[in-house]
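# Remarks on the overall topology
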Amino acid sequence: MKSIILSVMLIIGCAAYAQKFTLIELPYATDALEPVISKQTMELHHGKHLQGYVNNLNNLIKGTKYENMELIDIVKQSDGALFNNAGQTLNHNLYFTQFSPSAKTTPDGKLAKAIKDQWGSFENFKTEFNKAGTSVFGSGWVWLASDNNGNLFIIQEPNGDNPVTSNLNPLMGIDVWEHAYYLDYQNKRADHLKAVWDIIDWNTVSERYK
Ligand code: MN
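Every chain's residues receive numbers from 1 upward, in the order its sequence appears when written. The model is predicted, so local features are restricted to residues of pLDDT at least 70 and side-chain atom pairs to those at 80 or more, both for listing and for counting; the totals for chains, interfaces and linings are taken over all residues. Working from all heavy atoms in the structure, the side-chain values ignore hydrogens and water.

### Details of the coordination of the manganese ion
At 1.9 to 2.2 Å from the manganese ion lie its protein donor atoms, namely His 45 (NE2), His 92 (NE2), Asp 175 (OD) and His 179 (NE2). Expressed as a motif, the donor residue spacing for the manganese ion is H-x46-H-x82-D-x3-H. Of this pair, His 92 sits in helix α4 (residues 80-96) while Asp 175 sits in strand β3 (residues 169-175), and the two are 83 residues apart along the sequence. Any residue under 20% of the maximum accessible area for its type is buried, any over 50% is exposed, and the rest in between are partly exposed; the area is computed with a 1.4 Å probe on protein chains only. Using a relative accessible area of 0% as the deciding quantity, one classes His 92 as buried. For Na, K and Ca the donor cutoff is 3.2 Å, while for all other metals N, O and S atoms must lie within 2.8 Å; water is not among the atoms, so some sites may look incomplete. Only runs of H or I of at least four residues qualify as helices and only runs of E of at least two qualify as strands under DSSP, and these elements are numbered from the N terminus.

### Describing the environment of Ile 74
The residue Ile 74 is located in helix α3 (residues 71-77) in this model. Taking C-alpha positions, Ile 74 is 29 Å from Thr 134, a pair spaced 60 residues apart along the chain. Discounting residues that sit within four places of it in the chain, Ile 74 has contacts with Phe 21, Ile 61, Tyr 66, Met 69, Leu 82 and Ala 86. In what follows, residue pairs with any heavy atoms lying within 4.5 Å of each other are defined as contacts.

### Describing helix α6 (residues 122-134)
Taking 1.5 Å per residue, 13 residues should reach 18 Å; α6 reaches 18 Å between its end C-alpha atoms and fits that length. Taken together, the buried positions of α6 are occupied by Phe 122, Phe 125, Lys 126, Phe 129, Asn 130, Ala 132 and Gly 133. The buried residues of α6 occupy an angular sector of 160° when the element is viewed end-on, so they sit on one face. Opposite the buried face of α6, at more than 90 degrees from it, the exposed residues are Glu 123 and Lys 131. Buried residues in α6 make contact with α5 (109-119), β1 (140-146), β2 (152-158), β3, α8 (189-195) and α9 (202-209). Expected helix span is computed as 1.5 Å times (number of residues minus one). Taken from the helix axis, the directions to the C-beta atoms give the arc we talk about.

### A short note on the side chain of Glu 157
Tracing the sequence through the fold places Glu 157 in strand β2. Asp and Glu count as negative and Lys and Arg as positive, but His and the ends of the chain are not part of the count. Take a side-chain nitrogen of Lys or Arg and a carboxyl oxygen of Asp or Glu: if they are within 4 Å of each other, that pair is a salt bridge. It turns out Glu 157 is buried and unbridged, and the closest side chain with the opposite charge, Lys 76, is 12 Å from it.

### Description of the pairing of β1
Here β1 lies mainly inside the structure; 7 of its 7 residues are buried. Burial of the side chains of β1 extends over both faces: Gly 140, Val 142, Leu 144 and Ser 146 are buried on one face and Trp 141, Trp 143 and Ala 145 on the other. As paired elements, β1 and β2 share 7 bridges and run antiparallel to each other. Note on β2: the bridge partner recorded for Trp 143 is Ile 155. Here a strand pair is declared whenever DSSP counts at least two bridges between the two strands.

### Focus on the confidence of the model for the chain
Detailed reading of the predicted coordinates is not advisable wherever pLDDT falls low. For every residue, the pLDDT score states the predictor's confidence, bounded by 0 at the bottom and 100 at the top. Per-chain confidence: the chain averages 93 in pLDDT, with 92% of residues scoring 70 or above. In this model, residues 12-16 is a region of pLDDT below 50 whose contacts with residues beyond four sequence positions or in other chains number 0 contacts.

Next comes the structure, spelled out in structure tokens:
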């Protein structure tokens, strides 16, 4: 009898504390992206920073019109603390799922052609992307994004903003907040940006371009 009561209490408890948004699971081990991103950075970035944004997001939507919205719609329609935490949840969900320890490190097909058309070569695209990432002042992101006609853009975003707020489709984003690289690269953000190409999974990025 005791165990039944306990079970019922547990179920009620879980329902009461059910969170709409949950921390995404990493599709690789926390040390799988070393030496580009260390296990320690991964554990803190995913397990602490992203978990914090997700917790804040869940708390901030409670009892508001945002409670039943998709994440992307919350980012498009909110402002203030809710926008910051929803934006960062979306940003990191895209970020952590675009890497692979056995990445296909160059694009092909439609996306490869679009990059070549826009920037002349994949190498030149990477150079321009790294320039944009290095020159984000303070905390923010650099994105490869597309519009509805398939045109590509390199976009700098401050803080937790995301290209969806400009009606663009985020394909690949690199986090240039210091928490993303400081333990492994200290102040050398450019070195982190140079190294990160080894783990970008272009199959995933290409899927987002479709
Ligand atoms: Mn981050």
